[in-house]
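Understanding the architecture of this molecule
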Amino acid sequence: MNDCFTLDSLSPNSHSELGDYLYIKLKDINLQEKSLKIVGKGSKERILYVGNTDVIELCKTYIQLYRENIDCEYLFLNKFDQSLSEQTVRILLNKLEKELSLQTHVTPHMFRHTFATTLLEKGVDIRYIQSILGHSSISTTQIYTHVTYFKQKEIMTEKNPINGFIIKNKTN
């Protein structure tokens, strides 16, 4: 269960595919630089900055408590000290979903989608989001970054160009 909490903390910060997280090697983590080397689809490598000090501290603690005397190159391990599988993560998420009595089924991909959408809503250029997610095509990124109704309402209320004009009712 400790792996799940660390995975959950990394997910919203570096936001790769689930498989990319599961195969993070200890040597690919630079805690001083707050970065991870991610090997994605097609063996594409990219360096991601984690950015959140609490997540870095959680990773340090996890490594110190659970990884120091284990001879395996991967960060996340199962109970047999082997690389954690995608199926195991899905089972852990289902277990948490039931324990928390969530109404929505939680999938690993939801973290990625929420991350991308949140960045877009905070005004991050879609090209940066594309780079963070490791997409080669902007059209792939656009799938993740739909604009929510809430954000549309906010924009049309606060940033609507017509707000700068005074509209007078002409009655004779």
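Just so it is clear, the model here is predicted, and its values are computed rather than measured.

Among all positions in helix α6 (residues 126-133), only Ile129, Gln130 and Leu133 are buried. Looking straight down α6, one finds that the buried residues subtend no more than 105 degrees of arc, so they occupy a single side. Exposed side of α6, more than 90 degrees from the buried face: Arg127 and Tyr128 are the residues found there. Its side-chain oxygen placed 2.7 Å from the backbone nitrogen of Arg127, Asp125 serves as the N-cap of α6. One or two residues past the end of α6 sits Gly134, with phi positive at roughly 80 degrees.

Attention shifts here to unusual backbone geometry. With phi around 55 degrees, Lys34 is a residue other than glycine that occupies positive phi space. Along the polypeptide, Lys34 turns up in the loop between β1 (29-30) and β2 (35-39). Residues other than glycine seldom take positive phi values, yet Ser101 does so here, at roughly 50 degrees. Its place among the elements puts Ser101 in the loop between α4 (86-99) and α5 (108-121). Take Ser101: its relative accessible area is 55%, and that puts it in the exposed class.

So, on to the nonpolar core. With 20 residues, the main nonpolar core has Ile24, Ile29, Leu36, Leu75 and Val89 as its most contacted residues. Among the elements of the structure, α2 (18-22), β2, α3 (53-66) and α4 are those that each provide at least two residues to this core. If one sorts the elements of this core by residue count, α3 sits on top with four residues. Membership of the second largest hydrophobic core comes to five residues, among which are Phe115, Ala116, Ile129 and Leu133.

To continue, consider the sheet that holds β1. The antiparallel open sheet is built from three strands, whose spatial order is β1-β2-β3. The sheet is open, and its two edges are formed by β1 and β3 (45-49), each paired on a single side. Where β1 meets β2, two bridges bridge the pair, whose relative direction is antiparallel. From the neighbouring strand, Asn30 faces β2, where its bridge partner is Ser35.

About the criteria used
Residue numbers here run from 1 along each chain, matching the order of that chain's written sequence. pLDDT decides what is reported in this predicted model: residues at 70 or higher carry local features, side-chain atom pairs at 80 or more are listed and counted, and totals for whole chains, interfaces and linings draw on all residues regardless. Each side-chain value is derived from all of the structure's non-hydrogen atoms; neither hydrogens nor water enter the calculation. The rule is simple: take the accessible area with a 1.4 Å probe, protein chains only, and divide by the maximum for that residue type; under 20% is buried, over 50% is exposed, in between is partly exposed. The numbering of helices and of strands both runs from the N terminus, where a helix is a DSSP run of H or I of at least 4 residues and a strand a run of E of at least 2. The reported arc concerns the directions from the helix axis to the C-beta atoms and nothing else. Counting of polar contacts relies on pairs of N or O atoms within 3.5 Å, with two restrictions inside protein: one atom must be capable of donating a hydrogen and the other of accepting it, and residues adjacent in sequence are counted only when both atoms are side-chain atoms. Only buried Ala, Val, Leu, Ile, Met, Phe, Trp, Tyr and Cys residues count toward a nonpolar core, and they belong to the same one when joined by side-chain atoms within 4.5 Å. At least two DSSP bridges between two strands are needed for those strands to be called paired.

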